[in-house]
Amino acid sequence: MSIFASLHEAQSFLEHNPDIELFELFILDNNGVPRGKLLHRDELLAVYASGRPLPSTILGLTINGDDVENSGLVWDVGDIDCRAYPISGSLQRMPWRLIPTAAVQVSMHPREGLPATVADPRQLLAKVVDALKADGYYPVMAAELEFYLLDQTPDSHGRPQPARDQDGGRPRATQVYGLRELEQIEPFLADLYSACKLQGIPARTAISEYAPGQVEITLEHRADALQAMDEAVRYKRLVKGVAHKHGMTACFMAKPFDDLAGTGLHMHVSLADADGHNLFASDAADGTPLLRHAVGGMLSTLLDALLLFCPNANSYRRFQANSYAPLAATWGVDNRTVSLRVPGGPAPSRHIEHRICGADANPYLAAAAILAGIHRGLREQRDPGAPVQGNGYAQAKELLPTDWLTTLRALEGSQWAREAFGEEFLGVYLAVKRAEYRQFMGEVGEQDWRWYLHQA
């Protein structure tokens, strides 16, 4: 069976959508930035039949879109064309666009996409999932993304500010779980849910989060972890597009405000057998021994993988006590003060909520790191220790690093990461992150960097 979409999928779409004029072809880079091209209608079928050439540098760029010369994807290979093919199910209308437009997501071909294939975050996740399946474990995942709805115009001091409500006022109070707050953004939510339905994205519960203008919408779990992350990627793009249509900016920055809650990407994960039975299911609140080994594996690889969960300088400002963001390598049962939470509920629903990622994380890379950590825990039968009871902030001993350089060095020196992800992927990814780190340090300087870390 082909790992990419069939030509028939495109032909059927064109037949049922005769008004579509343009197609946004995109691939997700290692920073989670969609990059690609805008194609005309008559170019689509060729993409499905024989792929689309994209420059090798497209997967070796900094978050600002600059080439990273020592990534191995620039001058060493002459910025060679690499073929990418469409992902099945990704061809969807973009109802917020003025010109009738659809989007199609692509991924690098395992062979025709070389050398860029080794840097494709979706291909990395597929590799990690396949390794788990080879041992009889089928990951089930869901993403839960928080974001701020901001005004497109800064305040009088040039700072971001929450978007105005439907009644013309601007939210100032936290009002977590407030229903009026959701009612005030009803036009946005109506268009968002409509677009999700049109694109087949399983958007579910919406809540007003722990800051003015902060929202969270959960996505339904999927038995195919790759599909779950595909939907998370497209959902994020969709939220930004619908917000823009309503004159707002959807912000997924990990910590956009010093004095308000950070923005997270919570990942929900369990393992099933080949017949779909939950291997974590147990009447015991802390699940099966397999669940605890999975937790042990994630805790043991947390420092090594932290750069993939928190990829930017701003990411580390989110780690604060009493903020619902984690502080340490801890786990607990139905406890939101820890990094890894086992939610309550009936036995068949038993799973782990991974609460470490900022909303700025690349879903593919975050999921790959989570699942590779789980796999290590299962192979080595890692013991996570006793779950935290009560206030995890008060009991935190070894805190997570709060600076970018420490996590860069941890990933760079990780034997586990080299085995799980491969030297080639790590070479490109670390080259990009080091280039971004140098650029950031050049802009703020060492003294300002210390200030930047601790202002919160």
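None of these values were measured; they are calculated from a predicted model.

**Some details on unusual backbone geometry**
Part 1 of the argument: For the peptide bond that leads from L114 to P115, omega is 5°, which places it in the cis range.
Part 2 of the argument: Along the chain, P115 turns up in the loop between β6 (101-108) and α3 (121-134).
Part 3 of the argument: Here the phi dihedral of D79 falls at roughly 50°; this positive angle occurs in a residue that is not glycine.
Part 4 of the argument: Mapping D79 onto the fold places it in the loop between β3 (52-55) and β4 (81-86).
Part 5 of the argument: Backbone geometry places D334, a non-glycine residue, at a positive phi of 50°.
Part 6 of the argument: Mapping D334 onto the fold places it in the loop between β12 (331-333) and β13 (340-342).

**Description of a negative patch on the surface**
Part 1 of the argument: Where like charges cluster on the molecular surface, the negative patch consists of D66, D67, E69, D79 and D81.
Part 2 of the argument: Note that D67 resides in the loop between β3 and β4.
Part 3 of the argument: With relative accessibility at 40%, the residue D67 sits in the partly exposed group.

**A few points about the pattern of salt bridges**
Part 1 of the argument: Taken as a whole and judged by the stated rule, the model has 20 salt bridges.
Part 2 of the argument: Notably, a salt bridge pairs R292 with D286, separated by 3.4 Å at the nearest N-O pair.
Part 3 of the argument: For R292, a relative accessible area of 24% translates into the label partly exposed.
Part 4 of the argument: According to the relative accessible area criterion, D286 is partly exposed, its value standing at 23%.
Part 5 of the argument: With a closest N to O distance of 3.3 Å, R355 and E353 form a salt bridge.
Part 6 of the argument: Residues participating in the shared-partner salt-bridge network are D334, R341, E353 and R355.

**Some remarks on the packing of α3 against helix α9 (residues 363-380)**
Part 1 of the argument: Two numbers describe how α3 lies on α9: the axes approach to 9 Å, and their chain directions differ by 20°. The orientation of α3 relative to α9 falls into the category roughly parallel. Handedness of the α3/α9 crossing: left-handed. Along the contact surface, α3 presents P121, R122, L124, L125, V128, V129, A131 and L132, while α9 presents Y364, L365, A367, A368, L371, A372, H375 and L378.
Part 2 of the argument: Of the residues in the contact of α3 with α9, the class split is 14 nonpolar, one polar and one charged.

**Here's the deal with the packing of α3 against helix α6 (residues 225-245)**
Part 1 of the argument: At their nearest, the axes of α3 and α6 sit 10 Å apart, and the two run at 155° to each other. Taken together, the axes of α3 and α6 are roughly antiparallel relative to one another. At the point where α3 passes α6, the crossing takes the right-handed sense. Judged by residue contacts, R122, L125, A126 and V129 of α3 engage A225, L226, M229 and D230 from α6.
Part 2 of the argument: Its residues placed into classes, the contact of α3 with α6 shows six nonpolar, no polar and two charged.

The rules behind each value
Residues numbered from 1 in each chain as written. Predicted model: local features only at pLDDT ≥ 70, side-chain atom pairs only at ≥ 80, totals over all residues. Heavy atoms only, no water. Helix = DSSP H or I, 4+ residues; strand = E, 2+ residues; numbered from the N terminus. Patch = residues over 30% accessible without salt bridge, like charges linked within 9 Å, V, L, I, M, F, W, Y side chains within 5 Å. Areas by Shrake-Rupley, 256 points an atom, 1.4 Å probe, with all protein chains shown as cover. Salt bridge = Lys/Arg side-chain N within 4 Å of Asp/Glu carboxyl O. Lys, Arg positive; Asp, Glu negative; His and termini not counted. Charge placed at Lys NZ, Arg CZ, Asp CG, Glu CD. Buried < 20%, exposed > 50% of the residue type's maximum accessible area, 1.4 Å probe, protein only. Axes fitted to C-alpha atoms, helices over the stretch in contact; angles between N-to-C directions. Parallel < 35°, antiparallel > 145°, perpendicular 65-115°, else oblique. Left-handed = near helix turned anticlockwise from the far one by under 90°. Contact = heavy atoms within 4.5 Å. Nonpolar A, V, L, I, M, F, W, Y, C, P; charged D, E, K, R; others polar.

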